[in-house]
Amino acid sequence: MLGREKIKNLLGSKETGKTVEVKGWVRTRRGNKKIAFIAVNDGSVIHNIQCVADVAEFDEETLRAVTTGACVRIKGTLVESMGQGQNVEIQAEEIEIYGKADPETYPLQKKGHTLEFLRTIAHLRPRTNTFGAIFRMRHALAFACHKFFNDYGFHYLHTPIITGSDAEGAGEMFRVSVLDPINPPLKENGEVDYSEDFFGKETNLTVSGQLEGELGALALTEIYTFGPTFRAENSNTPRHLAEFWMIEPEMAFYDIKDNMDLAESLLKFLVSYVLEKCKDDIEFLSKMYEPELINRLNSVLDNDFIRIGYTEAIEILKSSNEKFEFPVNWGLDLQSEHERYLVEKHFKKPVILTDYPSSIKAFYMKQNDDGKTVRAMDVLFPGIGEIIGGSQREEDFDRLNRRIEELNIPKKDLWWYLETRKFGTAPHSGFGLGFERMVLFVTGMGNIRDVIPFPRTPKNAEF
Ligand code: ATP
Ligand code: MN
């Protein structure tokens with residue numbers, strides 16, 4: 001065994017009679033003057049192990065410190081449990097207190113706090129059942145992403161977090177600078193002189209690893225990135241973070257159809273992986289928050305995703321009798337109300353929309369011959385809306401160059417990107433999966449702030 005004994009393994013063990021030792025945090029302590037029942041959790045599994053202590057066998061001071069939240073080491077014999085809900089328990093022989101938790105001031109002394117309150121104590125909320133379950137599932141999903149891509153021969157490419165191009169067009173950026181904010185060096189025209197800054201130019205936190213990912217795909221053929229991305233938009237919604245993680249596969253020789261097939265297989269694999277590996281956590285979360293959770297996960301596995309064009313989707317929305325806040329017209333950038341109508345009311349399954357108007361999509365998407373639309377694809381999920389955004393990329397130098405000029409994108413920041421179209425260009429495609437949106441979906445939680453350990457949102461970076 002490496003390190004300590006895990007409660008997860010002990011709870012599944014049949015080796016009663018054996019001496020074992022657990023280390024973890026006390027969730028509850030019950031009992032009477034003679035006997036104490038101590039439930040200990042170490043985060044390896046949602047369940048606690050029950051430790052039973054004969055009060056007479058231990059000194060008073062130690063037992064007094066065994067309160068909710070305290071960190072303990074308990075050694076004893078693994079025995080069959082008479083109690084309900086567990087097969088085994090520990091008959092305690094040794095108790096050591098690593099860290100006390102004063103019952104008068106420990107914020108999680110009582111159960112039943114709201115998720116809103118728990119957000120204000122993000123430093124302690126991992127010790128609740130809910131957040132333990134969410135963060136174990138988050139881990140399982142991340143691992144499953146790497147497994148999926150590794151099994152298909154994709155290479156994990158680390159794209160930069162600090163970027164010198166602000167032309168990615170995916171949103172407002174956070175500046176990275178070491179200049180004195182009160183007294184920055186100025187150019188003659190009064191503007192800040194970034195040639196004096198750390199990198200000798202303006203730099204920002206990346207909004208997407210895609211452009212660099214494309215460079216990798218045009219050499220390694222299939223790559224993916226999995227890293228933090230940053231958007232300085234003031235969107236205070238339950239589905240947006242200022243710092244979130246994105247998985248971005250990019251594949252040479254994939255057209256839009258191959259791209260859709262990959263997106264659908266990835267999402268199905270991720271769902272089936274957590275259904276298999278995270279049963280206890282899913283069961284807990286569905287009982288507490290979302291009774292339909294397991295059905296919703298299964299419906300992703302059991303259905304082919306609907307694939308339709310944007311234009312057809314607009315027709316469906318127009319002929320629906322829904323009152324939308326944003327009126328539906330061809331050219332509209334679909335809002336989450338429209339996406340959710342299509343997925344939840346009209347089709348009742350995941351939908352992949354393609355061929356959006358070029359005016360609402362990024363410059364790098366492959367232009368269709370109609371001159372109006374691009375080969376974009378968004379995957380829309382029940383309860384979430386957009387979970388993936390992607391496209392086939394424009395591989396033709398002249399068309400890409402023309403689009404960059406039309407949109408007045410500064411070419412000096414993108415010369416390296418354009419060169420890939422000059423030297424050995426290839427048809428290629430890719431997409432971005434918002435990791436937290438995926439965690440939202442599989443946990444059934446309603447707010448993206450509750451599926452990342454330390455959420456970054458407007459006016460919030462406390463922890
Ligand atoms: P939205 O329209 O929902 O704001 P977007 O179209 O701006 O998203 P993309 O640039 O296409 O997003 O990013 C790819 C994916 O990253 C999205 O499909 C979504 O899953 C996720 N994503 C985008 N912005 C955020 C955010 N602020 N917080 C969390 N996830 C995000
Ligand atoms: Mn998008």
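Placed above this text is the structure.
Residues numbered from 1 in each chain as written. Chains lettered and ligands numbered in written order. Predicted model: local features only at pLDDT ≥ 70, side-chain atom pairs only at ≥ 80, totals over all residues. Heavy atoms only, no water.

(A) Highlighting the site of ligand 1. Taken together, 14 residues form the shell around ligand 1, and within it His240, Leu241, Glu386, Ile387 and Arg437 come nearest. Taking Gly389, its main chain carries an N or O atom lying 3.5 Å from an oxygen atom of ligand 1. In isolation ligand 1 offers 590 Å² of accessible surface; the protein chains occlude 80% of this area. Of all elements in the fold, only strand E11 (243–252), strand E15 (385–392) and strand E16 (428–434) reach the threshold of two or more residues within the shell around ligand 1. Sort the elements by how many residues they give to the shell around ligand 1 and E15 lands first, with four residues. (Near = heavy atom within 4 Å. Polar contact = N/O pair within 3.5 Å; in protein donor to acceptor, adjacent residues only side chain to side chain. Areas by Shrake-Rupley, 256 points an atom, 1.4 Å probe, with all protein chains shown as cover. Helix = DSSP H or I, 4+ residues; strand = E, 2+ residues; numbered from the N terminus.)

(B) Representation of unusual backbone geometry within the structure. In this model, Asp355 sits at a positive phi of 55 degrees, which is unusual for a non-glycine residue. Residue position: Asp355 is located in strand E13 (residues 351–357). Since its relative accessible area comes to 27%, Asp355 is described here as partly exposed. (Buried < 20%, exposed > 50% of the residue type's maximum accessible area, 1.4 Å probe, protein only.)

(C) Seen up close, helix H6 (residues 256–277). With 22 residues, H6 extends 32 Å between its outermost C-alpha atoms, agreeing within 8% with the 32 Å of an ideal straight helix rising 1.5 Å per residue. Backbone nitrogen of Lys257 and a side-chain oxygen of the N-cap are separated by 3.0 Å at the start of H6; the cap is Asp255. (Expected span 1.5 Å × (residues − 1).)

(D) How the structure looks around the pattern of salt bridges. Under the criterion given, the structure shown has 34 salt bridges. Salt-bridge contacts for Asp281 lead to Arg136; the nearest nitrogen and oxygen are separated by 3.0 Å. Of this pair, Asp281 sits in helix H7 (residues 279–288) while Arg136 sits in helix H4 (residues 129–151); the two residues are 145 residues apart in sequence, bridging distant segments of the chain. For Asp281, a relative accessible area of 6% gives the class buried. (Salt bridge = Lys/Arg side-chain N within 4 Å of Asp/Glu carboxyl O.)

(E) Summary view of the packing of aromatic side chains. Following the criterion strictly, the structure yields 20 aromatic pairs and no others. Geometrically, the ring pair formed by Phe305 and Phe381 is edge-to-face, given 5.9 Å between the ring centres and 80 degrees between the ring planes. With Phe305 in the loop between helix H8 (293–302) and strand E12 (306–309) and Phe381 in strand E14 (residues 373–381), this residue pair connects regions lying 76 residues apart in the sequence. Taken as a pair, Phe305 and Phe381 share a single burial class, namely buried. Ring geometry for Phe324 against Tyr341: centres 5.7 Å apart, planes inclined by 85 degrees, an arrangement best described as edge-to-face. Placement of the pair is Phe324 in the loop between helix H9 (310–318) and helix H10 (336–347) and Tyr341 in helix H10, with a sequence separation of 17 residues. Both residues of the pair, Phe324 and Tyr341, belong to the buried class. Clustering of aromatic rings is evident, with ring pairs tying together Phe143, Phe148, Phe149, Tyr152, Phe154, Tyr156, Tyr224, Phe269 and Tyr273. Stacked on the ring of Tyr356, the Lys or Arg Lys361 has its end atom at 4.3 Å from the ring centre. Positioned above the aromatic ring of Trp330 is the side chain of Lys372, whose terminal nitrogen or guanidinium carbon lies 5.0 Å from the ring centre. (Phe/Tyr/Trp six-rings, centres within 6.5 Å; stacked < 30°, edge-to-face > 60°. Lys NZ or Arg CZ within 6 Å of the ring centre and 35° of its normal.)

(F) The arrangement of a nonpolar patch on the surface in detail. On the surface, Ile161, Ile162, Val178, Phe198 and Phe199 cluster together to form a nonpolar patch covering roughly 510 Å² of accessible area. Of note, Val178 is situated in the loop between strand E8 (175–176) and strand E9 (203–205). Since its relative accessible area comes to 59%, Val178 is described here as exposed. (Patch = residues over 30% accessible without salt bridge, like charges linked within 9 Å, V, L, I, M, F, W, Y side chains within 5 Å.)

(G) View of empty space enclosed by the protein. One pass over the full model with this rule turns up one cavity of 30 Å³ or more. Its boundaries defined by the atoms lining it, the largest cavity holds a volume of some 50 Å³. Taken together, Arg119, Ala122, Arg125, Phe454, Pro455, Arg456, Asn460, Ala461, Glu462 and Phe463 make up the full set of residues lining the largest cavity. In terms of residue class, the lining of the largest cavity is built from five nonpolar, one polar and four charged. (1 Å grid on protein atoms, 1.4 Å probe; cavity = no way out; pocket = protein on both sides within 12 Å on 5 of 7 lines; lining within 4 Å. Points joined across faces, edges and corners; volume = space filled by probe spheres on them. Nonpolar A, V, L, I, M, F, W, Y, C, P; charged D, E, K, R; others polar.)

(H) Representation of the sheet that holds strand E2 (residues 35–41). With respect to topology, five strands assemble into a closed barrel ordered E1-E2-E3-E5-E4, the strand pairing being mixed. Sheet twist, expressed as the mean angle between neighbouring strand axes with direction ignored, is 55 degrees. Across two bridges, the pairing between strand E3 (residues 49–54) and strand E5 (residues 88–99) is parallel. By the bridge assignment for E5, Val52 is matched with Gln91. (Pairing = 2+ DSSP bridges. Axes fitted to C-alpha atoms, helices over the stretch in contact; angles between N-to-C directions.)

(I) Layout of H4. Relative to the 33 Å expected for 23 residues at 1.5 Å per residue, H4 spans 32 Å between its end C-alpha atoms, a close match to the ideal helical length. Positive phi shows up at Gly153, right after H4, with a value of about 80 degrees.

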